[in-house]
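Observations on the model geometry
Listed below, chain by chain, are the residues.
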Amino acid sequence: MPSPTRRTTRPQHPRGRDVAPARAAAVVLDLAPGAAVCLGAAALAWLAGRALPQVSPLLIAILAGALWRNLAPVPAALAPGVAFASRPLLRAGIVLLGLQLPLAALAGLGPGVLLVAAGTVAITFAATLWLGRMLGIEPGQRLLIAAGFSICGAAAIAAAEQPARARQDQVAAAVALVVLFGTAMIPLVPFLGALLGLGPAEIGMWIGASTHEVAQVVAAGGAVGGSALAVAVTVKLARVAMLAPVVAGISLYMRRRHAPGTGKRPPIVPLFVAGFLAAVLLRSTGIVPEPALAVAAGLQSLLLAAAMFALGLGVHLPSLLRVGGRPVLLATCSTAVVLAVSLAGVVFFPPA
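Residues numbered from 1 in each chain as written. Predicted model: local features only at pLDDT ≥ 70, side-chain atom pairs only at ≥ 80, totals over all residues. Heavy atoms only, no water.

This is how the line gets drawn: UniProt positions are given in the numbering used here, feature names are shortened, and annotations may be inferred rather than shown by experiment.
The chain is annotated in an unreviewed UniProt entry as Putative integral membrane protein (TIGR00698 family) from Zhihengliuella halotolerans. According to the UniProt record, the Subcellular location (unreviewed entry) comment for the chain is "Cell membrane". Turning to the chain, the UniProt record has this under Sequence similarities (unreviewed entry): "Belongs to the UPF0324 family."

What about the packing of helix α6 (residues 111-134) against helix α17 (residues 326-348)?
Put simply, the rule reads: Fitted lines through C-alpha atoms give the axes, limited to the stretch in contact for helices. The angle between two N-to-C directions lies from 0 to 180 degrees. Helical segments are the DSSP runs of H or I of at least four residues, strand segments are the runs of E of at least two, and each set is numbered from the N terminus. Roughly parallel means an angle under 35 degrees; roughly antiparallel, over 145; roughly perpendicular, 65 to 115; everything else is oblique. Two helices cross in a left-handed way if the nearer one is turned anticlockwise from the farther one by less than a right angle. They cross in a right-handed way if the turn is clockwise. In what follows, a contact means two residues having at least one pair of non-hydrogen atoms within 4.5 Å. Gly counts as polar in this scheme, as do all residues outside two lists: the nonpolar Ala, Val, Leu, Ile, Met, Phe, Trp, Tyr, Cys and Pro, and the charged Asp, Glu, Lys and Arg.
For the pair α6 and α17, the least separation of the axes is 9 Å and the interaxial angle reads 155°. Classified by the angle between their axes, α6 and α17 sit roughly antiparallel to one another. Viewed along their axes, α6 and α17 form a crossing whose handedness is right-handed. Two secondary-structure elements touch here, α6 through Val116, Gly119, Thr120, Ile123, Thr124, Ala127, Thr128, Leu131 and Gly132 and α17 through Leu330, Cys333, Ser334, Val337, Val338, Val341, Ser342 and Gly345. Here the residues of the contact of α6 with α17 are counted per class, giving nine nonpolar, eight polar and no charged.

With respect to the UniProt feature "transmembrane region" (unreviewed entry) in the chain
According to UniProt, the "transmembrane region" (unreviewed entry) feature falls on residues 21-45, 113-131, 143-160, 172-198, 237-255, 267-286, 292-315 and 327-349. The annotated region residues 172-198 carries 89% helix and 0% strand content, and the separation between its end C-alpha atoms amounts to 36 Å. Helix makes up 88% of residues 292-315 and strand makes up 0%, while its end C-alpha atoms are separated by 35 Å.

Shown next as structure tokens:
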């Protein structure tokens, strides 16, 4: 006679096999509303960018998200999907960004321009950390501001968030600051370059070496002209290439700062940063056909715009006001440093 245990355990196996699909379906249903809203907003931002070529879709997306957050309530049902867009989708966009960065294009800039790009990132990052420490700003906050203002804006902030062990309010504040100051640089750098008598290629180099976001670089370079835009984007991508070593450095610093056993230690190189490097190497092989690169570029723009909209939904002005004036002062000083260092680089190592 079979035991009661055998009779009761046999029918449990089919039900156990059904648990995983049911949970996956529940997760998808939970994420779908917020993710759909972010992707829809990204598509609208892309269409608006086509109608207004001088305005970046990423900028439109993050401003739209911030306006919604501060002018109307955001339904709580959107929160899981918005969080998904602001992290996994953003990191996927960063990986695809690597396909825009062939090593041959960087080598073609020459050692002087590459030195300017690397030196600008290193000096701005170090100076921002030092100034932040002098101002008494928390390590996580100053690491985020240093990464965003020295490398590539919100994408660098997202990359540094986990290694820096930053809080969400610190991420929102850093993103808001990089959007504010980077947007101001779109008209400022071309104006100052013309005022100083720089040529289009030199202005383009200054834009690429100083302006925070890739999209802001495109907007500023496009306002100067085609030759300036080409130089600006290439120099900016040289700065983007610094993302992986800087994030690895932040991870090592935070590992040493926190004693073992004080929490989960983040990886030295996050998985998506390794994916970014792999994408750079893949693009550099030349085996990826141009149509595939075009599709990847479009998908990257959509994912980053969706992520920017999600990050914009986290920009709550009353909360930012409570952050205080010290992060704003640090952002101002960091912008001044990156402008001065990159201008010196343009003067001493002008583009060929």
